[in-house]
Amino acid sequence: MTTSRPVRVTVNGVHYEAMVEPRMTLVDFLRGELGLTGTHVGCEHGVCGACTVLLNGQTVRSCLMLAVQADGASLMTVEGLSREGKLHPIQEAFMEEHGLQCGFCTPGFLMSTLELLQHHPDPTDDEIKEALGGNLCRCTGYQSIIKSVHLAAEKKALRLPHWIG
Ligand code: FES
Ligand code: FES
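Residues numbered from 1 in each chain as written. Chains lettered and ligands numbered in written order. Predicted model: local features only at pLDDT ≥ 70, side-chain atom pairs only at ≥ 80, totals over all residues. Heavy atoms only, no water.

Student: Explain the nonpolar core to me, using residue names and the numbers behind them.
Tutor: Ranked by size, the top nonpolar core spans 23 residues in total, and within it Leu81, Ile90, Phe94, Phe109, Met111 and Leu114 carry the most contacts. Elements that contribute at least two residues to this core include exactly α2 (89-96), α3 (106-119), α4 (125-132) and α5 (142-154). Residue assignment places this core across two domains, with domain 1 (5-80) and domain 2 (89-154) each supplying three or more. Sequence-distant contacts of Leu81, defined by excluding residues within four places in its chain, comprise Met76, His88, Gln91, Leu110, Met111 and Leu114. (Core = buried A, V, L, I, M, F, W, Y, C linked by side-chain atoms within 4.5 Å. Buried < 20%, exposed > 50% of the residue type's maximum accessible area, 1.4 Å probe, protein only. Helix = DSSP H or I, 4+ residues; strand = E, 2+ residues; numbered from the N terminus. Domains from an automatic or database assignment. Contact = heavy atoms within 4.5 Å.)

Student: Which residues make up the side chain of Thr25, and what values do they have?
Tutor: Within the secondary structure, Thr25 is located in the loop between β2 (14-20) and α1 (26-33). On the basis of relative accessible area, Thr25 is assigned to the buried category, the value being 19%. Among all residues touching Thr25, those that are not within four sequence positions of it are Ser62, Cys63, Met65, Leu66 and Ala67.

Student: Could you give me a rundown of the side chain of Ser144, with the residues and numbers involved?
Tutor: Relative to the assigned elements, Ser144 resides in helix α5. Judged by its relative accessible area of 16%, Ser144 falls in the buried class. At 3.0 Å, the side chain of Ser144 and the backbone oxygen of Gly141 are in polar contact. What Ser144 contacts, discounting residues up to four positions off in sequence, is Glu97, His98 and Gly99. (Polar contact = N/O pair within 3.5 Å; in protein donor to acceptor, adjacent residues only side chain to side chain.)

Student: So what's going on with the pairing of strand β4 (residues 58-61)? Which residues, and what values?
Tutor: In this structure, strand β3 (residues 52-55) lies alongside β4, joined through 4 bridges in antiparallel fashion. Each residue of the ladder has a partner; that of Leu54, found in β4, is Thr59. Two successive antiparallel strands, β3 and β4, enclose a turn made up of 2 residues, where Asn56 displays a positive phi of approximately 50 degrees. (Pairing = 2+ DSSP bridges.)

Student: Outline the sheet that holds strand β5 (residues 74-76), supporting the account with residue identities and numerical values.
Tutor: Pairing in this open sheet of 5 strands is mixed, and the strands run β2-β1-β5-β3-β4 from one edge to the other. Single-partner strands in this sheet number two, and they are β2 and β4. Between one strand axis and the next, the sheet turns by 40 degrees as a mean value, whatever way the strands run. As judged from the 7 bridges shared by strand β1 (residues 5-11) and β2, these two strands associate in the antiparallel manner. Bridge assignment links Arg8 to a residue of β2, and that residue is Glu17. Sitting on the sheet, α1 touches β1, β2, β3 and β5, and the angle it makes with β1 is about 75 degrees. On top of the sheet, α3 reaches β3, β4 and β5; it is set at about 40 degrees to β3, its chief contact. (Axes fitted to C-alpha atoms, helices over the stretch in contact; angles between N-to-C directions.)

Student: Explain the pattern of salt bridges residue by residue, including any values.
Tutor: One pass over the structure, following the stated rule, counts 4 salt bridges. Across the salt bridge formed by Glu92 and Lys86, the nearest N and O atoms sit 3.2 Å from each other. Judged by relative accessible area, Glu92 falls into the buried class, the value being 18%. Judged by relative accessible area, Lys86 falls into the exposed class, the value being 52%. A salt bridge links Glu96 to Lys155; the shortest N-O distance between them is 3.3 Å. Taken as a pair, Glu96 in helix α2 and Lys155 in the segment after α5 lie far apart in primary sequence, 59 residues in all. (Salt bridge = Lys/Arg side-chain N within 4 Å of Asp/Glu carboxyl O.)

Read these as spatial facts, not as claims about activity.
So this is what it looks like as structure tokens:
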């Protein structure tokens, strides 16, 4: 029998503590234990990027991390983007430029875009391709995703919530 281990994290500004199996992945912890199902699970092998979240302000693939490895961290998931029912400018940009269809990949793209705009507030096409190269989409043309990121940049969408360092 495996012994559960404590995990203490802040997710979208809310503190959580739980006992988890040491082998539980971070994405299963977010979705199954905390009910934050906006982070999607696609390949479970670090390939598709659907499970991308911010850990201490940097993108990670939550299917490749164990929940116990995130102990003490500040996390942000796609649920942390909107505020009081108002979409984040990145979400607005993806909606306005048709940067999604089924939406399965979208949480990962949004989180990767947020990280990109922190470092490149006005990114070039190449910088966008480089930053989003690890996010796969099976149904939206990548051109409209690139346009969405440019529009997000125009909207000055780089702001991070105050709880992310
Ligand atoms: S589910 Fe994590 S990268 Fe695909
Ligand atoms: S919008 Fe369907 S996979 Fe990207």
